[in-house]
Amino acid sequence: MATFLYTIGRLAFRRRHVVALIWVALLTLAGVGAASAPVAGASSFSIPGTEAQKAFDLLENRFPGMSADGATARVVFQAPDGEKMADAANKATVEKTVKVLGTGSEVSSVDDPFAAHTVSKDGTVAYASVKYKVSGMELEDSSKDALKAAAQDARDAGLTVEVGGDALQATPETGSTEVIGIAIAAVVLVVTFGSLIAAGLPLLTALIGVGIGVSTITALAAALDLGSTTSTLAMMIGLAVGIDYALFIVSRYRAELAEGREREEAAGRAVGTAGSAVVFAGLTVVIALVGLSVVNIPMLTKMGVAAAGTVAIAVLIALTMIPALLGYAGRRVQPAGKKSRLLGGGRAAKKAGRPNMGTRWASFVVRRPLAVLLLGVIGLGAAALPAASLELGLPDDGSQPTSTTQRRAYDLLSEGFGPGFNGPLMVVVDAKAGDDPKAAFRSVTDEVKGLKGVVSVSPAVPNKSGDTAMITVVPDSKPSSVKTEDLVHAIRDAGGEIRADTGATVLVTGSTAMNIDFSQKLNDALIPYLALVVGLAFLLLIVVFRSILVPLKAALGFLLSVMAALGAVVAVFQWGWLSGLMGVEETGPIMSMMPIFMVGVVFGLAMDYEVFLVTRMREAHVHGETPGQAIVTGFKHGARVVTAAAVIMIAVFSGFIGSSESMIKMIGFGLAIAVFFDAFVVRMAIVPAVLALLGKRAWWLPGWLDRALPNVDVEGEGLRAREEGRRDDADREPVRV
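Residues numbered from 1 in each chain as written. Predicted model: local features only at pLDDT ≥ 70, side-chain atom pairs only at ≥ 80, totals over all residues. Heavy atoms only, no water.

**What to know about the packing of aromatic side chains**
No. 1: One pass over the structure, following the stated rule, counts 8 aromatic pairs.
No. 2: Ring pairing ties together the aromatic residues Tyr 127, Phe 417 and Phe 421, which thus form one cluster.
No. 3: Stacked on the ring of Tyr 328, the Lys or Arg Arg 16 has its end atom at 5.9 Å from the ring centre. (Phe/Tyr/Trp six-rings, centres within 6.5 Å; stacked < 30°, edge-to-face > 60°. Lys NZ or Arg CZ within 6 Å of the ring centre and 35° of its normal.)

**What to know about unusual backbone geometry**
No. 1: Phi is positive for Asn 296, close to 65°, though the residue is something other than glycine.
No. 2: Along the chain, the position of Asn 296 falls in the loop between helix 10 (263–290) and helix 11 (298–329).
No. 3: Exposure remark for Asn 296: the relative accessible area of 43% places this residue in the partly exposed category.
No. 4: Even without being glycine, Arg 546 reaches a positive phi, approximately 50°.
No. 5: Structurally, the position occupied by Arg 546 is in the loop between helix 17 (511–545) and helix 18 (549–574). (Helix = DSSP H or I, 4+ residues; strand = E, 2+ residues; numbered from the N terminus. Buried < 20%, exposed > 50% of the residue type's maximum accessible area, 1.4 Å probe, protein only.)

**With respect to a negative patch on the surface**
No. 1: Together, Asp 446, Glu 447, Asp 493, Glu 497 and Asp 501 give the surface a local cluster of negative charge.
No. 2: Breaking the negative patch down by element, the ones donating at least two residues are helix 15 (437–449) and helix 16 (482–502).
No. 3: Examining the composition of the negative patch, we find that 3 residues originate from one element, helix 16, more than from any other.
No. 4: Topologically, Asp 493 is positioned in helix 16. (Patch = residues over 30% accessible without salt bridge, like charges linked within 9 Å, V, L, I, M, F, W, Y side chains within 5 Å. Areas by Shrake-Rupley, 256 points an atom, 1.4 Å probe, with all protein chains shown as cover. Salt bridge = Lys/Arg side-chain N within 4 Å of Asp/Glu carboxyl O. Lys, Arg positive; Asp, Glu negative; His and termini not counted. Charge placed at Lys NZ, Arg CZ, Asp CG, Glu CD.)

**Some points on the confidence of the model for the protein**
No. 1: On average, residues of the protein carry a pLDDT of 83, and 90% of them reach 70 or more.
No. 2: The secondary structure element of the protein with the lowest average pLDDT is helix 24 (residues 717–731), at 58, and the one with the highest is helix 13 (residues 369–384), at 94. (pLDDT = per-residue confidence, 0-100.)

**Structural notes on the packing of helix 10 against helix 11**
No. 1: Here helix 10 crosses helix 11 at 180°, and the two axes come no closer than 9 Å. Compared by their axis directions, helix 10 and helix 11 come out roughly antiparallel. Of helix 11, the residues touching helix 10 (which contributes Ala 267, Val 271, Gly 275, Val 278, Val 279, Gly 282, Val 285, Val 286, Leu 289 and Val 290) are Gly 304, Val 305, Ala 307, Ala 308, Val 311, Val 315, Ala 318, Leu 319 and Pro 323.
No. 2: Across the contact of helix 10 with helix 11, the residue classes break down as 16 nonpolar, 3 polar and no charged. (Axes fitted to C-alpha atoms, helices over the stretch in contact; angles between N-to-C directions. Parallel < 35°, antiparallel > 145°, perpendicular 65-115°, else oblique. Contact = heavy atoms within 4.5 Å. Nonpolar A, V, L, I, M, F, W, Y, C, P; charged D, E, K, R; others polar.)

Right, dumping it as structure tokens:
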């Protein structure tokens, strides 16, 4: 591996014009494809194998033309203080608004509140349901403008009017903090390298890689049904790993220059050594992201594969474009320990032989391994405690900021009709196999009315053939509550008895039931996914480190950091700690996909630091140093780079906390805090402490396994042997013939 990558690095350095041209051409091609691609609609959301999805598919089959996946809007009216909605002027305003709403070309139907009896008991709140023929993301701007204009006209007439539903769904915005994150990354790179040119290379290559990845996703979005969250996630992860991978190689290149090597040779050796760590670190990230497909939720699979593709591009760019750009930079990239003139070059150097911070810290850990280990484990354990109170769910309009009309509409409906009105359950009765469909419909209605937690049950609405009916059930609790989940299970349990008596099948669907099934499916998939990802990465790390205990320690350390990160997410987004600082306006259940997503992404990212830091230790150990000395050597060369990489990754992820979408905000915070715990507590403290306690046993590998494993040579032993061979040939005296 090292020898092959060494050749790639030298070739890219020499043929830098060709390499740069190829990557610029790919970026241009992806950009043109993105610009000319049709606008993608809403990403379809399906959960194969769940009851809610089966009911949804049945509705589309038995109720053709009802646009089950079409956008909806709830225009909520509230009368002025002291007045009722039934007052002549207010009623006239509502009827006029309903009439205007029904004239839209994309409108499927509009329900008059007074005809549909959607007026609250106290007569102060009413709502009109608007159904569209297309999804929220496919709605024309003219339809959205007409909806807003109709609501504004009613406001001008004296009513309080808010609009809920997905008809006004907006593309999430990340805000200025994303740019701030990149700016912080730039500052860290400048401080690390002491050179603007060297600092600019990782940023440039990361932006090119993300540009290619995100543009490709945009170009294929319509064809592959990719949502806006897919490109945001790819950008988030692509930026972080792209900067980190380039940082590793540029740092090693400067270290090779400091040892007196020529620039082309230094570029080759940097790619051969640090590049090997980048390849295996990237592989663990790709495995973790592609492994999301085992959950069998198409949306999650597409997100994972798209992000994995961006990571693969980041790896390829780091291996080829970085050495090419180093060739262009020439002497403007200084050896390690030297700064550019602009940043203080020429000043007196530090005292020779003075150990750096990484060396001093590693020496301390080697002397006090047990104390450091206990402190790290106890600290992460304390941070993980809130995770015991983890509640899962999916965000709805109730989690929107109070400044949005969707949130205000949600609150008005809760005030006028009760909290459960924002998440009605759709009960679908399939009586095609029964003898008396009407009797089955009545039986289901009566049974559901008698269940605890039900506010109202609408009359059954049959289809044209009369063999299938829809029944709307309003709970007495909000959509994301445990009581609502219990009611869904109670209806499904009652459906089993009804089927035995009437032959009719009872299914529960709707957005609330979909969210419940989604959360359950993710929970069921967590353990198999964890076993798959950690298992494959464990085998990969055995090959890299040629050890059993080092990969095992890496996996256990990851579990500590991810549990601590989940605890922090619960504390902020569920309990409300520091919610004002994070811009969290509404606390509630943690997004259902957060645990499994964090397991996948954080595991892959955590292995970056593990591979880069511990391969330096193994390299020193292979070359004859004692286990304790190898730990200190690994930190001497790697601690500064790993620290910089972690700070950069934290800055990039933190930039997405400013997103207007709660899902992106939560992912950004969760990944940032997870990287903090993993890099600074696990990799910088727990890992060297465990290795110091294990000693030589850390590098033990059974003989039969050692013979069976391929030799990937991540440490560059082949390069060292090759260099020594050249020296022997040079020293050998010529033989006269």
